[in-house]
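# Analysis of the macromolecular model
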Amino acid sequence: MVSVEKFHRAFGVYGILIKNGKLLVINKSGGPYKNRFDLPGGNLEDGEGLFQALRREFEEETGIDIEIKEQIGAVDFMLPWDWKDYTAVHHIAIFYLVNKIGGEISEPEQFDGQDSLGAVWVSKREISQENASPLVLKAFQWLRTGEFGIQTYHYRNWEIKQL
């Protein structure tokens, strides 16, 4: 019998905020990137535009208000994830370069759907596939090269971290 992957398609918007050579990330509490660093951002709510969603998600997850400078690219990732009736996730991410315009890093309010445990600044040397989402890895690639690449990235041996 051949096993066929059943993909959950996730679409989200994510912000890259840099300060003193460090990237702002969140500590993820759920989903396929649980117990790893991830970029602030996420899914759109009904009737919400890309910019509205990114500003809302960023503030909810970090406490920081942002201005969106530019859209810098889109990347998609496929990785195993047993969730509901799905066996994998196809994550489509739109990346934006953002600036802080207000607020301070604060502990996020916890509510249904909130998957941030708070934000921290990290340097490239602190990041690896063992402790970060593919989005964080791609953000540092973009910061180094100015490119994301155009292919779909497959993480066939992705591990969901349990603590």
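Residues numbered from 1 in each chain as written. Predicted model: local features only at pLDDT ≥ 70, side-chain atom pairs only at ≥ 80, totals over all residues. Heavy atoms only, no water.

Moving on to the pairing of strand E7 (residues 86–103). In terms of strand pairing, strand E1 (residues 7–16) meets E7 through 10 bridges, oriented parallel. Paired with Ile16 across the two strands is Leu97, which belongs to E7. Note: strand E6 (residues 64–83) against E7, 16 bridges, orientation antiparallel. Within E7, the residue paired with Ile68 across the bridge is Val98. Between E6 and E7, which follow one another and run antiparallel, lie two residues, and Lys84 among them has a positive phi close to 50°. (Pairing = 2+ DSSP bridges. Helix = DSSP H or I, 4+ residues; strand = E, 2+ residues; numbered from the N terminus.)

Here we take up the pairing of strand E3 (residues 22–28). A large share of E3 lies buried, amounting to five of its seven residues. Bridging between strand E2 (residues 18–19) and E3 involves two bridges; their strand directions are antiparallel. The partner of Lys19 across the bridge, within E3, is Lys22. If you look at the hairpin formed by E2 and E3, you'll find two residues sitting between the two strands, and Asn20 has a positive phi there, around 50°. Two elements, E3 and strand E8 (residues 116–122), share five bridges in a ladder whose sense is antiparallel. The residue bridging Lys28 from the neighbouring strand is Ser116, located in E8. Where E3 and strand E4 (residues 37–38) come together, two bridges link them in antiparallel fashion. Residue Ile26 lies in a different strand from E4, and its bridge partner there is Asp38. (Buried < 20%, exposed > 50% of the residue type's maximum accessible area, 1.4 Å probe, protein only.)

Let us look at the sheet that holds E6. Within a sheet, adjacent strands bond to each other through the backbone by hydrogen bonds, running parallel or antiparallel. In spatial order, the strands read E5-E1-E7-E6-E9; together these five strands make up an open sheet with mixed pairing. Looking at which strands have only one partner, the edges of the open sheet turn out to be strand E5 (41–42) and strand E9 (153–154). In this structure, E1 lies alongside E5, joined through two bridges in antiparallel fashion. Along E5, the bridge assignment pairs Tyr14 with Gly41. Relative to E6, helix H1 (residues 50–62) is tilted by about 80°, and along the sheet it contacts E1, E5, E6 and E7. (Contact = heavy atoms within 4.5 Å. Axes fitted to C-alpha atoms, helices over the stretch in contact; angles between N-to-C directions.)

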